[in-house]
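Here is what each chain is made of, one letter per residue.
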Amino acid sequence: LLPPRNRIDKDMRHMAIAIASNIDFDWQWRLFCEEGGGLYPLIHCIRDGAKSIREGESIAEEEGEDLFGLSDQHQEAVAAATAACRNLRDLCSLSPEFSAVVTDGILRADAALSM
């Protein structure tokens, strides 16, 4: 079980995924970013999902099971990561110009998180 602060942070990131899934215009994206959304919560969920898969693989190897036996917490992280990826794909399909903005943001976030 996550501590309360971590749980609230995670829930806020998941809410950002739900909000981002309803963005149809670039002005909505700008408003979303101004209100504290943006790429960070989506990328954070993707990273959490990848971490959960790696942890699940380690557990599966130790216990001699397959990866489908992920805990509820790991499954939730993977589902959020999948939704975040889908949202990024959908955002990039809005227009070539907007796709360039999103892609640039992803590259910047990746560089910042890799440090």
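Here's a quick rundown of the structure. (Residues numbered from 1 in each chain as written. Predicted model: local features only at pLDDT ≥ 70, side-chain atom pairs only at ≥ 80, totals over all residues. Heavy atoms only, no water.)

### Re the overall build of the protein
Part 1 of the reasoning: Across its full length, the protein holds 5 helices and 0 strands.
Part 2 of the reasoning: Ordered by position from N to C terminus, the α and β elements of the protein give α-α-α-α-α.
Part 3 of the reasoning: Taking all 115 residues of the protein together, 30% fall into the buried category.
Part 4 of the reasoning: Here the contacts in the protein between residues at least 6 apart in sequence split such that 64% fall between residues at least 24 apart.
Part 5 of the reasoning: Roughly 7700 Å² of accessible area belongs to the protein as shown, and the carbon and sulfur atoms make up 57% of that amount. (Helix = DSSP H or I, 4+ residues; strand = E, 2+ residues; numbered from the N terminus. Buried < 20%, exposed > 50% of the residue type's maximum accessible area, 1.4 Å probe, protein only. Contact = heavy atoms within 4.5 Å. Areas by Shrake-Rupley, 256 points an atom, 1.4 Å probe, with all protein chains shown as cover.)

### A few points about the packing of helix α4 (residues 72-92) against helix α5 (residues 96-114)
When two helices pack together, their arrangement is given by the angle between the helix axes and the distance between those axes.
Part 1 of the reasoning: Here α4 crosses α5 at 140°, and the two axes come no closer than 8 Å. The angle between α4 and α5 falls in the class oblique. Together, Leu88, Leu91 and Cys92 of α4 and Phe98, Ser99, Val102, Thr103 and Ile106 of α5 make up the contact between the two elements.
Part 2 of the reasoning: In the contact of α4 with α5, the residues fall into 6 nonpolar, 2 polar and no charged. (Axes fitted to C-alpha atoms, helices over the stretch in contact; angles between N-to-C directions. Parallel < 35°, antiparallel > 145°, perpendicular 65-115°, else oblique. Nonpolar A, V, L, I, M, F, W, Y, C, P; charged D, E, K, R; others polar.)

### Considering the layout of surface pockets
Part 1 of the reasoning: Roughly 190 Å³ of volume is contained in the second largest pocket.
Part 2 of the reasoning: Met12, Arg13, Met15, Ala16, Ile19, Phe32, Glu35, Gly36, Gly37, Tyr40 and Pro41 are the residues that line the second largest pocket.
Part 3 of the reasoning: Within the residue set of the lining of the second largest pocket, elements represented by two or more residues are α1 (4-20) and α3 (39-63).
Part 4 of the reasoning: The leading source of residues in the lining of the second largest pocket is α1, at 5 residues.
Part 5 of the reasoning: The residue inventory of the lining of the second largest pocket, partitioned by class, reads 7 nonpolar, 2 polar and 2 charged. (1 Å grid on protein atoms, 1.4 Å probe; cavity = no way out; pocket = protein on both sides within 12 Å on 5 of 7 lines; lining within 4 Å. Points joined across faces, edges and corners; volume = space filled by probe spheres on them.)

### Brief notes about the pattern of salt bridges
Part 1 of the reasoning: Within this structure, the stated rule accounts for 8 salt bridges.
Part 2 of the reasoning: For the salt bridge of Asp11 with Lys10, the shortest nitrogen-to-oxygen distance reads 3.8 Å.
Part 3 of the reasoning: Linked by salt bridges that have partners in common, Arg7, Lys10, Asp11 and Glu76 make up one network. (Salt bridge = Lys/Arg side-chain N within 4 Å of Asp/Glu carboxyl O.)

### Regarding the nonpolar core
Part 1 of the reasoning: If you look at the biggest cluster of nonpolar residues, it comprises 18 residues, and the most contacted ones within it are Ile17, Trp29, Leu42 and Leu91.
Part 2 of the reasoning: Of all the secondary structure elements, the ones that give two or more residues to this core are α1, α2 (26-34), α3, α4 and α5.
Part 3 of the reasoning: If you tally residues by element for this core, the top one is α4, at 5 residues.
Part 4 of the reasoning: Sequence-distant contacts of Leu42, defined by excluding residues within four places in its chain, comprise Ala16, Ile17, Ala20, Trp29, Ala84, Asn87, Leu88 and Leu91. (Core = buried A, V, L, I, M, F, W, Y, C linked by side-chain atoms within 4.5 Å.)

### Considerations on a nonpolar patch on the surface
Part 1 of the reasoning: A cluster of nonpolar side chains, Ile8, Met12, Met15 and Ile19, forms an exposed patch at the surface whose accessible area comes to about 380 Å².
Part 2 of the reasoning: Following the sequence through the fold, Ile19 ends up in helix α1.
Part 3 of the reasoning: For Ile19, a relative accessible area of 41% gives the class partly exposed. (Patch = residues over 30% accessible without salt bridge, like charges linked within 9 Å, V, L, I, M, F, W, Y side chains within 5 Å.)

### What about the side chain of Lys10?
Part 1 of the reasoning: As for its position among the elements, Lys10 is in helix α1.
Part 2 of the reasoning: A polar contact of 2.7 Å, which involves the side chain of Lys10, links it to the side chain of Glu76. (Polar contact = N/O pair within 3.5 Å; in protein donor to acceptor, adjacent residues only side chain to side chain.)

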